[in-house]
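Letter by letter, the chains look like this.
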Amino acid sequence: MSSHSSTKSQSDYPDLGRQLFSMTWPMLFGVLSLMSFQLVDSAFIGQLGVLPLAAQGFTLPMQMVVIGLQVGLGIATTSLISRVLGADETLRAKQLGGLVVLTGAVSVFLICVLIWFLRGPILMLLSAPSDVYPVIDAYWPVWLASSWTGAMLYFAYSLCRANGNTMLPGIMMMVTSVLNMVLDPIFIFTLDMGLVGAAWATIAAFGVGLLVVYPLVLKRHWMSLNWQGLDVLVSIKELANIMAPAMLSQLLPPLSSMLATKLVAGFGAATVAAWALGSRLEFFSIVVVLALTMSMPPMVGRMLGAGEICKIKALIKLAVKFVLIWQFVIAAALFVTSPVLSHLLTSELSVSEILSVHLFWVPVSLGPLGVCMLMVSICNALALPMRALLISGLRLFVCFLPAIWLGAQLGGLEGLFVGALIGNVAAGISAWVLYQQGMKRVIVKYCREPAI
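Small disclaimer: the values here were computed from a predicted structure and weren't measured.

### A word on the overall build of the protein chain
Link 1 in the chain: If you tally the helices and strands in the protein chain, you get 14 helices and zero strands.
Link 2 in the chain: Against the globule reference of 22 Å for 452 residues, the protein chain gives a C-alpha radius of gyration of 22 Å, in line with a compact fold.
Link 3 in the chain: Across its three principal axes, the protein chain shows a C-alpha extent of roughly 65 × 50 × 35 Å.
Link 4 in the chain: Across the 452 residues in the protein chain, those meeting the buried criterion constitute 55%.
Link 5 in the chain: Partitioning the contacts of the protein chain with sequence separation of at least 6, the portion at a separation of at least 24 is 83%.
Link 6 in the chain: Counting every atom, the protein chain has about 18700 Å² of accessible surface; 71% of that belongs to carbon and sulfur.
Link 7 in the chain: Computed over 23 positive and 17 negative side-chain charges, the inter-centroid distance for the protein chain is 14 Å.

### Looking at unusual backbone geometry
Link 1 in the chain: In this structure, S127 is a non-glycine residue whose phi angle is positive, near 60 degrees.
Link 2 in the chain: Tracing the backbone shows S127 in the loop between α4 (119-125) and α5 (133-162).
Link 3 in the chain: Residue classification places S127 among the partly exposed residues on the basis of a relative accessible area of 35%.
Link 4 in the chain: For H221, which is not glycine, the phi torsion reads 60 degrees and is therefore positive.
Link 5 in the chain: H221 gets classed as exposed once you look at its relative accessible area, which sits at 53%.

### Some remarks on the packing of aromatic side chains
Pairs of aromatic rings are described using the distance from one ring centre to the other and the angle between the two planes.
Link 1 in the chain: Taken as a whole, this structure holds eight aromatic pairs when the rule is applied.
Link 2 in the chain: Aromatic pair F335 and F360: ring centres 5.6 Å apart, planes at 50 degrees, arrangement tilted. Here F360 lies in helix α12 (residues 349-361) and F335 lies in helix α11 (residues 309-345), a separation of 25 residues in the sequence.
Link 3 in the chain: For F335, a relative accessible area of 45% corresponds to the partly exposed category.
Link 4 in the chain: What makes F360 partly exposed here is its relative accessible area of 45%.
Link 5 in the chain: Measuring from ring centre to ring centre gives 5.0 Å for F360 and W361, while their planes differ by 85 degrees; the resulting arrangement is edge-to-face.
Link 6 in the chain: Ring pairs connect the aromatic residues F335, F360 and W361, which therefore count as one cluster.
Link 7 in the chain: Taking NZ or CZ as reference, R119 lies 3.6 Å from the ring centre of W116, over its face.

### Description of the pattern of salt bridges
Link 1 in the chain: Counted by the stated rule, this structure contains two salt bridges.
Link 2 in the chain: For R18, the salt bridge is made with D15, and the minimal N-O distance between the two is 2.5 Å.
Link 3 in the chain: D137 is the salt-bridge partner of R119, the closest N and O atoms lying 2.9 Å from each other. On the criterion of sequence distance, the pair formed by R119 in helix α4 and D137 in helix α5 is long-range, its members being 18 residues apart.

### Thoughts on the layout of surface pockets
Link 1 in the chain: Roughly 260 Å³ of volume is contained in the second largest pocket.
Link 2 in the chain: Lining the second largest pocket, in full, are G17, L20, F21, T24, W25, L28, V288, L292, L318, F322 and W326.
Link 3 in the chain: Elements represented by at least two residues in the lining of the second largest pocket include exactly α1 (16-46), α10 (287-305) and α11.
Link 4 in the chain: No other element matches α1, which puts six residues into the lining of the second largest pocket.
Link 5 in the chain: Partitioning the lining of the second largest pocket into residue classes produces nine nonpolar, two polar and no charged.

### Overview of a nonpolar patch on the surface
Link 1 in the chain: A cluster of nonpolar side chains, namely L102, V106, F109, L110, V113, F117, W148 and L225, defines an oily patch on the protein surface of about 800 Å² accessible area.
Link 2 in the chain: Element by element, the count of residues in the nonpolar patch is highest for helix α3 (residues 90-117), at six residues.
Link 3 in the chain: Secondary-structure assignment places V113 in helix α3.

### Notes on the environment of F155
Link 1 in the chain: If you trace the backbone, F155 turns up in helix α5.
Link 2 in the chain: The class of F155 is buried, set by a relative accessible area of 1%.
Link 3 in the chain: Separated by 55 residues in sequence, F155 and V100 have C-alpha atoms that sit 7.5 Å apart.
Link 4 in the chain: If we skip the residues at most four places from it in the chain, F155 touches Q70, L73, G104, A105, V108 and Y214.

### Focus: α12
Link 1 in the chain: Taking 1.5 Å of rise per residue, the 13 residues of α12 would be expected to cover 18 Å, and the 19 Å separating its terminal C-alpha atoms lies within 8% of that figure.
Link 2 in the chain: Those residues of α12 not exposed but buried are V351, S352, I354, L355, H358 and L359. Axial view of α12: buried residues confined to an arc of 170 degrees, hence all on one face.

### As for the nonpolar core
Link 1 in the chain: The biggest cluster of nonpolar side chains holds 142 residues, and the ones touching the most others in it are M296, I312, I316, M375 and L382.
Link 2 in the chain: Not counting chain neighbours up to four residues away, the residues in contact with M375 comprise I316, V320, I391, A431, W432 and Y435.

### Here's the deal with the packing of α11 against helix α13 (residues 366-381)
Link 1 in the chain: In the contact formed by α11 and α13, the axes pass within 8 Å of each other and the chain directions differ by 150 degrees. Taken together, the axis directions place α11 and α13 in an arrangement best described as roughly antiparallel. The element α11 and its partner α13 pack so that their crossing is right-handed. Each of I316, A319, V320, V323, L324 and Q327 in α11 lies in contact with α13, whose residues at this interface are L366, G367, P368, G370, V371, L374, M375 and I378.
Link 2 in the chain: Split by residue class, the contact of α11 with α13 holds eleven nonpolar, three polar and no charged.

Rules and cut-offs
- Residues numbered from 1 in each chain as written.
- Predicted model: local features only at pLDDT ≥ 70, side-chain atom pairs only at ≥ 80, totals over all residues.
- Heavy atoms only, no water.
- Helix = DSSP H or I, 4+ residues; strand = E, 2+ residues; numbered from the N terminus.
- Rg over C-alpha atoms; globule rule 2.2 N^0.38 Å.
- Buried < 20%, exposed > 50% of the residue type's maximum accessible area, 1.4 Å probe, protein only.
- Contact = heavy atoms within 4.5 Å.
- Areas by Shrake-Rupley, 256 points an atom, 1.4 Å probe, with all protein chains shown as cover.
- Lys, Arg positive; Asp, Glu negative; His and termini not counted.
- Charge placed at Lys NZ, Arg CZ, Asp CG, Glu CD.
- Phe/Tyr/Trp six-rings, centres within 6.5 Å; stacked < 30°, edge-to-face > 60°.
- Lys NZ or Arg CZ within 6 Å of the ring centre and 35° of its normal.
- Salt bridge = Lys/Arg side-chain N within 4 Å of Asp/Glu carboxyl O.
- 1 Å grid on protein atoms, 1.4 Å probe; cavity = no way out; pocket = protein on both sides within 12 Å on 5 of 7 lines; lining within 4 Å.
- Points joined across faces, edges and corners; volume = space filled by probe spheres on them.
- Nonpolar A, V, L, I, M, F, W, Y, C, P; charged D, E, K, R; others polar.
- Patch = residues over 30% accessible without salt bridge, like charges linked within 9 Å, V, L, I, M, F, W, Y side chains within 5 Å.
- Expected span 1.5 Å × (residues − 1).
- Arc of directions from axis to C-beta.
- Core = buried A, V, L, I, M, F, W, Y, C linked by side-chain atoms within 4.5 Å.
- Axes fitted to C-alpha atoms, helices over the stretch in contact; angles between N-to-C directions.
- Parallel < 35°, antiparallel > 145°, perpendicular 65-115°, else oblique.
- Left-handed = near helix turned anticlockwise from the far one by under 90°.

Following this line, the structure appears as structure tokens:
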């Protein structure tokens with residue numbers, strides 16, 4: 001890459017927006033439908049009363065542990081397999097696909113077993129009230145099975161993205177989400193299974209997804225369990241080298257969520273329930289950011305391989321501007337509709353009132369939070385996994401947790417939510433600064449070395 005190219009701006013790449021859109025929109029609709037079913041899931045559970053909602057609130061940190069593991073492996077999958085395909089090693093890419101699926105299946109199963117046997121200490125650590133324990137004992141075995149099923153489907157989606165296909169995962173996310181929404185009221189109310197029925201509905205929907213996606217993945221030769229000629233141990237080590245920092249980065253949020261839930265639990269079960277619903281709404285409202293974190297890394301990786309650093313910078317600036325504007329619009333919509341939403345999502349007045357406070361303060365900070373999440377994804381794609389880990393760590397343990405703790409100390413329940421707002425804004429600013437510093441290192445490296 002020549003040094004004069006650093007003068008280029010976003011306007012020199014008119015197709016960037018179109019490329020970004022074409023890669024992102026299938027993921028957007030897929031993630032949107034996934035979040036929709038989770039929100040509807042919460043709404044159905046919300047009709048069951050405070051205890052099932054609180055049980056879901058105490059389940060959320062554990063859910064984030066499983067998701068963190070599968071996303072970390074997904075990041076490694078996209079990075080490693082796309083690079084191997086770039087080197088035209090098609091057979092090895094297919095063998096690595098099978099290795100990823102098997103490694104993921106065993107890893108998530110072991111984590112689920114560990115969570116089940118440690119449920120007592122976990123709930124004690126989260127300051128769960130004693131009346132939640134029986135609900136958890138009935139719910140978690142089926143919920144853990146649904147988490148494993150979801151993880152297996154996610155690994156198949158990761159193989160699709162690594163091979164440049166975002167359409168199949170996008171379509172199947174929509175199909176399984178709609179199926180889940182249809183099955184939810186049947187299992188929860190018609191079959192009178194309550195909270196456990198929500199998990200069974202998820203298993204059924206994701207099970208259908210597995211039966212559709214894996215045959216297509218095998219048909220398109222994106223995975224194979226025939227590892228003849230593949231050095232399995234070396235490949236696992238190579239996968240682990242990419243996966244470890246990315247996974248650790250993904251596992252920090254559940255740890256933070258556990259600590260935040262413990263803090264929130266001090267305000268009572270109704271607050272935990274409202275916090276869980278608010279978190280679901282936050283996931284739903286940052287759906288565009290989540291889609292971008294899936295679609296941008298393969299684009300950035302290809303550009304990095306070609307030494308197109310200025311193109312990467314232009315792409316990221318475009319995405320950041322879009323995220324800030326979009327999330328501001330979403331925040332305004334949530335502010336206007338918060339009275340309706342808070343009553344729609346729960347029949348409990350105490351929970352509804354606390355959720356209204358949440359929706360008043362927190363959504364306006366989701367733009368900077370989105371920038372932070374995007375920078376973690378981008379740094380992983382730029383082969384800066386330790387910087388991505390640093391951004392995640394600073395966001396949660398320097399910005400977010402201290403801010404909500406201080407807010408709770410100074411302003412009680414409302415102060416807690418004001419603290420969340422301040423923490424998210426601080427996280428976005430620090431993430432952008434760290435990305436800029438990391439990009440300088442990338443520029444120096446790729447100006448000195450010939451383009452790959």
